Number of protein chains: 2
Amino acid sequence: MKLAPTQVLVLGFAAVILIGALLLTLPIATKSGESAGFLTALFTATSAVCVTGLVVVDTGTYWSTFGQVVIMLLIQIGGLGIMAMSTLFALILGRKITFKERLVMQEAFNVNSLEGIVKFAKYILIVTFLFESTGAVILSLRFLPQMGLKKAVYYGLFHSISAFNNAGFDLMGNFNSLTGYVSDWVVNLVIMGLIIFGGLGFYVLLDIYQQKHLHECTLHTRLVITITFFLIVVGALLIFLLEYNNPKTLKPLDFSTKILASLFQSVTPRTAGFNTLSLPDMTTASKFLTIILMFIGASPAGTGGGIKTTTFGVILFTVLSVIKGNDETVTFKRTIPRSIVYRSIAIAFISICIVLSVTMVLSVTEASNFLTELYEVTSAFGTVGLSLGLTPKLTVIGRIVIILTMYSGRVGPLTLAMALAQRQKKNKAIMKFADEKVMVG
Amino acid sequence: MKLAPTQVLVLGFAAVILIGALLLTLPIATKSGESAGFLTALFTATSAVCVTGLVVVDTGTYWSTFGQVVIMLLIQIGGLGIMAMSTLFALILGRKITFKERLVMQEAFNVNSLEGIVKFAKYILIVTFLFESTGAVILSLRFLPQMGLKKAVYYGLFHSISAFNNAGFDLMGNFNSLTGYVSDWVVNLVIMGLIIFGGLGFYVLLDIYQQKHLHECTLHTRLVITITFFLIVVGALLIFLLEYNNPKTLKPLDFSTKILASLFQSVTPRTAGFNTLSLPDMTTASKFLTIILMFIGASPAGTGGGIKTTTFGVILFTVLSVIKGNDETVTFKRTIPRSIVYRSIAIAFISICIVLSVTMVLSVTEASNFLTELYEVTSAFGTVGLSLGLTPKLTVIGRIVIILTMYSGRVGPLTLAMALAQRQKKNKAIMKFADEKVMVG
Ligand SMILES: [K+]
Ligand SMILES: [K+]
């Protein structure tokens with residue numbers, strides 16, 4: 001039996017989640033020595049493999065070192081898996097879809113040959129290892145005076161892996177995430193760097209590495225960089241303004257720390273899930289801004305989730321082109337084909353439908369408020385992991401719903417994009433109907 | 001000086017609003033004999049001319065008969081104005097855009113000739129008069145035993161005009177809207193009928209009248225009918241399920257009244273603004289469903305607001321086409337041109353941005369919760385008028401923001417659609433850039 005790439009993805013993730021859940025159900029996985037129970041273990045394993053980071057129990061205080069190492073491995077497998085699968089998919093599609101006359105990765109990796117696949121796997125492992133080990137060393141050195149050698153190395157490694165894979169799991173205890181490090185420039189910059197590089201995607205990293213200059217890169221890379229930069233800057237600016245006078249978040253901090261914390265809260269929805277400010281204490285406007293940023297998420301072929309920066313970018317540039325009176329989507333002196341625009345609309349529309357439907361379900365099953373439920377669902381679907389505190393209080397139905405949302409948010413958009421792209425190729429000879437216009441707006 | 005159609009619309013509405021506000025500032029406009037003050041008068045006049053229906057003071061108890069008649073006239077002018085302007089716009093554009101080989105209205109009205117314009121104006125007035133007088137007679141007869149002749153005729157006329165123009169103003173007192181008539185089949189059916197026919201648009205009414213059979217109608221008409229029917233049925237079904245056990249809404253009602261009330265609450269967001277159930281007592285899920293329905297709104301060239309059923313329909317059928325593997329938007333065996341699809345995306349995207357931005361502003365200025373603010377803003381932007389009770393409590397800044405939102409929600413989408421359509425025609429000779437694809441999703 002030969003499996004399609006989408007089936008490998010869907011079944012592979014499910015298998016790893018199940019194995020992880022079984023390991024986490026073992027009594028030795030918890031500090032107390034009592035089994036966590038299957039639902040809690042399944043929730044945690046799903047969150048780890050999908051690199052989401054939502055947790056029903058605190059990672060640092062609830063799980064034993066064994067449990068934490070299982071979680072760390074699940075994050076690494078999940079992160080590598082999604083990065084490899086989505087990049088491979090781009091390569092496979094890339095044979096038919098020309099990303100540019102000069103095909104960056106098809107030159108490097110011929111995915112039709114065993115040799116090419118091995119080379120590709122080696123590259124992804126090397127890139128991951130380079131980023132994670134660099135992050136781990138710097139974080140360990142920073143934690144050293146505070147924690148001693150053994151704990152510092154362990155914490156450095158865990159948080160570096162968690163950050164590069166955009167997982168957002170932390171060992172700081174009591175659901176605190178990185179709030180204790182709000183003014184720590186080293187920790188903030190390292191974690192932000194890992195989040196951003198992990199979220200840009202393997203394809204973009206390789207393209208930048210090969211081309212040196214941004215204007216020589218593919219449209220894809222330029223779009224990813226532009227939208228990522230735009231979201232970080234606008235997000236940070238708005239959070240800075242909205243939280244400036246909030247006594248529970250930015251107000252007590254000095255000016256430069258205010259800027260650092262705003263920047264961090266703008267980077268983390270893409271889709272890491274760490275936080276240095278108290279999320280429930282943020283203003284309603286900031287919470288909603290975070291929801292929008294989480295929904296957009298990171299870039300394709302990386303470790304992050306969401307509908308992706310490029311999907312948002314394609315829609316944004318379509319709107320800007322229409323406003324300018326152009327009837328095609330033009331960006332960076334390139335035309336984005338209609339099929340890509342339509343596919344972006346489909347991905348955004350279906351994702352909105354899923355998030356809103358699940359939120360409606362939670363509004364029936366949970367005793368919370370709408371914004372909190374929307375926040376948690378978007379966080380689960382976008383594999384972000386930021387939480388206003390609802391997740392640990394979820395009902396059994398709520399937990400199951402969020403487990404399914406995390407899973408579908410992880411494998412869904414990619415398999416959907418794959419399936420849509422493949423269908424469009426097959427149906428070229430479809431019947432052509434006459435044009436007819438309608439009034440809109 | 002010759003004004004463009006968009007300028008006529010923008011300035012004409014502003015002028016009527018200002019005159020209305022001045023009249024409502026007069027002491028004789030209120031029951032108490034004291035001036036309402038300019039801000040309250042401006043809010044009410046804007047709400048009436050934009051046929052929104054949001055009110056900061058109760059129409060039935062606060063305003064004198066003089067004030068109420070001013071409001072009724074403002075509604076009539078606003079409703080007729082938007083219907084005439086938007087239909088004229090379709091006619092003007094229609095000369096270049098072929099709605100179908102056989103041009104329904106260009107045959108009937110040649111807008112280049114004075115004769116054609118007069119004939120057109122006569123038709124719109126006749127259609128409006130027929131619907132409103134029929135509604136007024138039936139409602140008056142129904143109100144007669146309860147109110148006596150004079151009041152029954154007045155109430156019949158006021159509510160018929162308010163319903164056909166999708167205004168949602170009522171005289172029942174204490175912000176009660178039609179909650180006292182929740183089980184009254186005559187009132188419900190008449191009001192629903194007026195709302196739906198007013199919301200379908202003049203173009204669709206004329207097309208149906210001329211063609212007799214739906215399958216002979218233009219794609220525009222079939223799309224409007226299909227989406228309107230779909231929204232009413234799905235909306236009613238969901239409200240029925242979500243409110244079935246709610247002791248403050250459907251639970252105390254008998255089965256057939258449950259169905260009637262669900263149907264009414266599903267029709268009124270398109271974009272009338274009457275209600276027969278207590279809106280603040282509805283479930284969170286129903287409130288959010290109402291927000292979505294209000295955002296979509298009614299059909300073009302009618303009295304309703306929102307992004308319009310056709311805009312939603314074009315996006316929906318694009319998504320369905322993509323899922324089916326088609327790279328064009330196909331519906332009813334017709335292809336919708338890319339330019340219309342892109343324009344729909346632009347209208348939906350810009351509208352989402354406006355609603356979310358204004359909601360963020362209110363979340364800073366008002367002491368309420370997110371869902372309530374989003375509800376009120378969507379209601380204002382979509383010219384709906386449904387309220388969870390925030391509007392009468394708005395701060396001064398909040399009132400000004402909602403006034404601007406009502407105005408931009410009324411003239412915005414149409415002028416935007418006009419401007420976009422005209423720009424696209426002008427820029428045909430724009431430079432063509434090479435295609436390049438990007439990964440999405
Ligand atoms: K995450
Ligand atoms: K209305």
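Reading the values: the criteria
Residues numbered from 1 in each chain as written. Chains lettered and ligands numbered in written order. Predicted model: local features only at pLDDT ≥ 70, side-chain atom pairs only at ≥ 80, totals over all residues. Heavy atoms only, no water. Donors = N, O, S within 2.8 Å, 3.2 Å for Na, K, Ca; no water. Buried < 20%, exposed > 50% of the residue type's maximum accessible area, 1.4 Å probe, protein only. Helix = DSSP H or I, 4+ residues; strand = E, 2+ residues; numbered from the N terminus. Axes fitted to C-alpha atoms, helices over the stretch in contact; angles between N-to-C directions. Contact = heavy atoms within 4.5 Å. Nonpolar A, V, L, I, M, F, W, Y, C, P; charged D, E, K, R; others polar. Salt bridge = Lys/Arg side-chain N within 4 Å of Asp/Glu carboxyl O. Expected span 1.5 Å × (residues − 1). Parallel < 35°, antiparallel > 145°, perpendicular 65-115°, else oblique. Left-handed = near helix turned anticlockwise from the far one by under 90°.

(A) The coordination of the potassium ion (ligand 2), seen in detail. All names here are of chain B. In this structure, Val51 (O), Thr52 (O), Asn166 (O), Ala167 (O), Thr271 (O), Ala272 (O), Thr383 (O) and Val384 (O) serve as the protein donors to the potassium ion (ligand 2), at separations of 2.4 to 3.2 Å. Counting the intervening residues between successive donors of the potassium ion (ligand 2) yields the motif V-T-x113-N-A-x103-T-A-x110-T-V. For Val384, a relative accessible area of 0% translates into the label buried.

(B) How the structure looks around unusual backbone geometry. Backbone geometry places Ser177 of chain A, a non-glycine residue, at a positive phi of 50°. Of note, Ser177 of chain A is situated in the loop between α7 (149–164) and α8 (185–200).

(C) Focus on the packing of helix α7 (residues 149–164) of chain B against helix α8 (residues 185–200) of chain B. All names here are of chain B. Interhelical geometry of α7 versus α8 gives an angle of 40° and a closest axis separation of 7 Å. From α7, His159, Ser160, Ala163 and Phe164 reach across to α8, where they touch Ile191, Leu194, Ile195, Phe197 and Gly198. The residue makeup of the contact of α7 with α8, split by class, is six nonpolar, three polar and no charged.

(D) The arrangement of the pattern of salt bridges in detail. For the structure on display, the rule yields four salt bridges over all chains. Glu328 of chain B is the salt-bridge partner of Arg338 of chain A, the closest N and O atoms lying 3.1 Å from each other. In this pair, Arg338 of chain A is assigned in helix α14 (residues 338–365) and Glu328 of chain B in the loop between α13 (309–323) and β1 (329–331), connecting two distinct chains.

(E) Main features of α7 of chain B. Its 16 residues place the ends of α7 of chain B 22 Å apart at the C-alpha level, agreeing with the 22 Å of an ideal helix rising 1.5 Å per residue. Within α7 of chain B, the full set of buried residues consists of Ala152, Tyr154, Tyr155, Gly156, Phe158, His159, Ser160, Ile161, Ser162, Ala163 and Phe164 of chain B.

(F) Summary view of the packing of helix α12 (residues 284–296) of chain A against helix α15 (residues 370–381) of chain A. Residues and elements named next belong to chain A. Running from N to C, α12 and α15 point in directions that differ by 25°, and their axes come no closer than 9 Å. One finds that α12 runs roughly parallel with respect to α15. Along this stretch, α12 crosses α15, giving a crossing that reads as left-handed. Counted together, Thr284, Lys287, Phe288, Thr290, Ile291, Met294 and Phe295 of α12 and Leu371, Leu374, Tyr375, Thr378 and Ser379 of α15 form the full contact between these two elements. Considering only residue class, the contact of α12 with α15 consists of seven nonpolar, four polar and one charged.

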